[in-house]
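The primary structure of each chain is shown beneath.
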Amino acid sequence: MKITKRTVDGAEPRAARYTLFDTDVKGFGLRVYPTGQKTYVFEYRPGAGGRSEAKKRVTIGSATEFTPDEARKRADTLRSRVKVGEDPQADKARAREALTVEELSKDFIKHHVKAKRSANTASAYEEIITRHIIPRLGKMKAVDVKAANVAKLHYDMRATPPWRTRQRQSSARCSVSA
């Protein structure tokens with residue numbers, strides 16, 4: 001059966017979770033939990049496929065977040081990616097396991113700074129990293145850091161913002177001319 005709004009609304013919870021699969025997009029389904037929660041999923045076999053490969057499942061989203069048509073389009077996109085050899089679930093897992101800026105910074109200090117720099121230089125690096133970088137960017141995944149994040153960090157690290165310098169100069173002119 002094709003998963004429609006009517007199908008989603010009519011799917012009743014059972015004692016165990018179950019999945020209703022769509023006839024239009026292979027692998028696209030509606031998973032219904034005993035609690036009544038409903039989510040859209042896409043099930044596939046990675047790599048060459050076939051029965052020798054274990055099935056993997058990607059959760060597309062909640063039935064309250066997506067309409068059946070939106071979820072079907074996402075499932076079709078995932079299906080296309082699988083056909084060309086990608087593994088969407090493995091990509092998600094790799095993204096979750098990616099190093100944060102804090103982890104990368106600590107590794108950098110341990111393996112590069114302390115091993116290759118003098119004590120004073122290492123101390124300066126550690127202070128900059130612990131005082132500025134980790135508090136602002138530490139929780140971000142390192143691969144997600146953009147040039148704009150670094151530019152803002154550099155701007156925030158400046159000793160005196162430019163508008164304060166201008167204010168001091170203009171107030172000094174005013175006091176001289178008075």
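Now for a description of the structure that goes with this document. All residue numbers here refer to positions counted from 1 along the written sequence of the relevant chain. Restriction of local features to residues with pLDDT of at least 70 applies here, the model being predicted, together with a cutoff of 80 or more for giving and counting side-chain atom pairs; totals for whole chains, interfaces and linings are based on all residues. The basis for the side-chain values is all heavy atoms of the structure; hydrogens and waters are excluded.

### A look at the layout of surface pockets
Over the atoms rolls a probe the size of a water molecule, and in doing so it shows where empty space is left. Here the largest pocket is characterised by a volume of approximately 430 Å³. Put simply, DSSP H or I for four residues or longer makes a helix, DSSP E for two residues or longer makes a strand, and each gets a number counted from the N terminus. Mapped onto the lining of the largest pocket, the elements with two or more residues apiece are strand 3 (38–44) and helix 2 (68–83). Charged means Asp, Glu, Lys or Arg here, nonpolar means Ala, Val, Leu, Ile, Met, Phe, Trp, Tyr, Cys or Pro, and polar covers whatever is left, Gly included. Counted by class, the lining of the largest pocket contains five nonpolar, four polar and six charged residues. When its volume is computed, the second largest pocket comes out at roughly 280 Å³. In this analysis a 1.4 Å probe is tested at points of a 1 Å grid over the protein atoms alone, and where it fits but cannot get out there is a cavity; an open set with protein on both sides within 12 Å along at least five of seven lines is a pocket; lining residues have an atom within 4 Å of a point. Every residue lining the second largest pocket is counted, 15 residues in all, and those nearest its centre are Val-101, Ser-105, Ile-129, Ile-133 and Leu-153. Those elements giving two or more residues to the lining of the second largest pocket turn out to be helix 4 (101–116), helix 5 (119–137) and helix 6 (147–157). Top contributing element to the lining of the second largest pocket by residue count: helix 5, with five residues. For the lining of the second largest pocket, a count of residues per class yields 13 nonpolar, two polar and no charged. Grid points are joined across faces, edges and corners, and a volume is the space filled by probe spheres set on the points.

### A word on the environment of Leu-20
In this structure, Leu-20 sits in strand 1 (residues 18–21). In this structure the C-alpha to C-alpha distance between Leu-20 and Val-41, which are 21 residues apart in sequence, comes to 9.8 Å. With residues up to four places along the chain from it excluded, the contact list for Leu-20 reads Met-1, Ile-3, Thr-7, Ala-11, Phe-28, Gly-29 and Leu-30. Only heavy atoms enter the contact rule, under which two residues are in contact if any of them lie within 4.5 Å.

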